[in-house]
Amino acid sequence: MSSPPASDPHIVSLVLQSKKALQNGEQLCLKANELSTASAQASIDVLILDSKVRWITDNVLEQLKLASSVAKSIEEKRAKLNRQVQDWDNMRTKHTNALDKILDELGSQRVPPDFHQTSAASSIFGSQDSDDENGPKQSNGHFTLSQSPSDTIQVPKPKLQTDRSNWKTLRDFVDDQAIEDIFEDMEEQRMVVEDSIIRTDEYPEKLIAAIDSIRDYLPEAISPPPIEQLITSQDSAKVGMASHLESLAAHYDQMVNAMRESEAGDAFSEDDLQDMNRDTEELPSILAELEENLASVIAIREQLSQIRDNNQEHLKRLSNVLDELDELGDIMMEMLQTQETVESECEDRFSEMQRHLLTIEDLHQRFISYQTAFQKLILEIARRRVYKEAAENIVRGMMDQLIAMTEEERQVREHFNNEHGAHLPEDLCLCISNVPTKWEILPWNGEVLETLPEIPSDMLPTKDQIHRTEPVAPVNCTESL
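Worth saying up front: this structure is predicted, and the values here are computed from it rather than measured.

Aromatic rings in a pair are described by how distant their centres are and how their planes are angled relative to each other. For the coordinates displayed, the defined rule picks out one aromatic pair. Sitting above the plane of the Y217 ring, R317 keeps its charged end 4.4 Å from the centroid.

And the structure:
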């Protein structure tokens, strides 16, 4: 080997550059190793926190589903109550219209003055001008009414009025105030039910709004963190750094050996020096790759730290969510209790409202029977008048016949006495001078002669009219609410 060239100081410089590059590489690898250890711990933290977040989130979502079912249940119960109220309103309208119709018909039916007195006691339904003793009684919401149509038959007035505008109608014998009281009580019960239902009017909307608010506050659903992929990528970067570090160490050893050989007097050829220069010139690129790998490790570490920090923030938010969920649970319990109270109150009111419907239905049937009975009463009075006139004609005929017979008998006896009486002893058959007995036909046992009220002929109802007003069998149209 030739003597050492004049470029020996350059070899020393190359050794120093290699050593510095090796030291920098070792520092980068050491830092990468520390970061890798921290990343491993961070990945464990991420998995634990992610599991907690997912478990709590899933449980919150289940609770929100339960809350949604509660809101739906309250809405269905409210809808049921509203349907019951609507059904009752429909039945009330039906019965009220029927009652108004029959009352209008009663108001159009004139009553001859001979059929009534001014006393309210003459009415089977009471009178608007009557006092409490003569008015209709109420028992459990039902009227207790007289059942005798003959209560309205009174001694007729001497003269039948021809002007019917001032005549009473059948409606005048109905206690309108009592009916109005029933309607007012029905409306009062209806308003109480409405006020009860309104108490829970906003419950479903409030629950849905609270549920949506909690659901919106939950952490966004994300896919599981790619821990395995990140760790694998980090390990790949570490392997690459280890490979580069080995290259740096090998190059440094090579340069140290070259310097030893140079110190021993060995000379290097131009090609050897070019190779050493080329290898040394590649050190910055190797360090750059090491730095890139370290940057990758740092990025992975930061990504894991960010995921961990996000999960920790999610846990904090979930802690607030759990507090809100507990508060929502208390609110739901209060809402359910209030809804049950409302249902209980409404059921009690529905029973009262149902009894009012039955009362109106009963009044409707009674007024139909009243109208029919009055029309048949007119026919009955007309029939009795026919009977009375026939009986009076018989009595009158008998009286005329008896008067004629008596007069004929008187004349025969008078002729006999004139012809033969003077020839008979005065003390013989004293009755021979008696006049015939006179007869008088009177009501039996001193009874008062029957009198009937006057009825205009145009007021006599036809059979078709009576058939239309006859009550029908009650239909169970007041279904249970």
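Even without being a glycine, C429 presents a positive backbone phi close to 55°. With respect to the element layout, C429 can be found in the loop between helix 6 (283-420) and helix 7 (463-469). If you check the backbone angles, N445 has positive phi at about 55° while not being a glycine. With respect to the element layout, N445 can be found in the loop between helix 6 and helix 7. The class for N445 is exposed, based on a relative accessible area of 63%.

Among the nonpolar cores identified, the biggest contains 36 residues, and L99 and F367 are the most heavily contacted of them. Per element, the largest residue contribution to this core is 14 residues, and it comes from helix 6.

As annotated in UniProt, the feature "coiled-coil region" (unreviewed entry) corresponds to residues 64-91 and 287-328 in the numbering used here. Secondary structure across residues 64-91 comprises 100% helix and 0% strand; the distance between its end C-alpha atoms is 40 Å.

So, on to the pattern of salt bridges. Taken as a whole and assessed by the stated rule, the structure comprises 21 salt bridges. Residue E194 pairs with R190 through a salt bridge whose shortest N-O separation is 2.9 Å. Remark: R190 and E194 occur in helix 2 (residues 176-198); sequence separation between them is four residues, near one turn of the helix. Residue classification places E194 among the partly exposed residues on the basis of a relative accessible area of 28%. On the accessibility criterion, R190 (13% relative accessible area) is buried. In this structure, the salt-bridge partner of E380 is R384, at a minimum N-O distance of 2.8 Å. Here E380 and its partner R384 are both found in helix 6, four residues apart, which amounts to about one turn of the helix.

In this section: the layout of surface pockets. Space inside the largest pocket adds up to approximately 360 Å³. What lines the largest pocket is simply Y387, K388, A391, E392, V395, R396, I441, L442, P443, V448, L449 and E450. When its residues are assigned to classes, the lining of the largest pocket shows eight nonpolar, no polar and four charged.

Glancing now at helix 3 (residues 203-217). A rise of 1.5 Å per residue sets the reference length of helix 3, with its 15 residues, at 21 Å; its end C-alpha atoms lie 21 Å apart and thus fit the reference within 8%. All buried positions along helix 3 are accounted for by Y203, P204, L207, I211 and I214. Buried positions in helix 3, seen along its axis, are confined to an arc of 100° and lie on one side of it.

Look at helix 2 against helix 6: their axes get within 10 Å of each other, and the N-to-C directions meet at 155°. When the interaxial angle is binned, helix 2 and helix 6 end up roughly antiparallel. The two elements helix 2 and helix 6 meet at a crossing, and its hand is left-handed. Considered class by class, the residues forming the contact of helix 2 with helix 6 number 15 nonpolar, four polar and five charged.

Parameters and conventions
- Residues numbered from 1 in each chain as written.
- Predicted model: local features only at pLDDT ≥ 70, side-chain atom pairs only at ≥ 80, totals over all residues.
- Heavy atoms only, no water.
- Phe/Tyr/Trp six-rings, centres within 6.5 Å; stacked < 30°, edge-to-face > 60°.
- Lys NZ or Arg CZ within 6 Å of the ring centre and 35° of its normal.
- Helix = DSSP H or I, 4+ residues; strand = E, 2+ residues; numbered from the N terminus.
- Buried < 20%, exposed > 50% of the residue type's maximum accessible area, 1.4 Å probe, protein only.
- Core = buried A, V, L, I, M, F, W, Y, C linked by side-chain atoms within 4.5 Å.
- UniProt positions renumbered as here; feature names shortened; annotations may be inferred.
- Salt bridge = Lys/Arg side-chain N within 4 Å of Asp/Glu carboxyl O.
- 1 Å grid on protein atoms, 1.4 Å probe; cavity = no way out; pocket = protein on both sides within 12 Å on 5 of 7 lines; lining within 4 Å.
- Points joined across faces, edges and corners; volume = space filled by probe spheres on them.
- Nonpolar A, V, L, I, M, F, W, Y, C, P; charged D, E, K, R; others polar.
- Expected span 1.5 Å × (residues − 1).
- Arc of directions from axis to C-beta.
- Axes fitted to C-alpha atoms, helices over the stretch in contact; angles between N-to-C directions.
- Parallel < 35°, antiparallel > 145°, perpendicular 65-115°, else oblique.
- Left-handed = near helix turned anticlockwise from the far one by under 90°.

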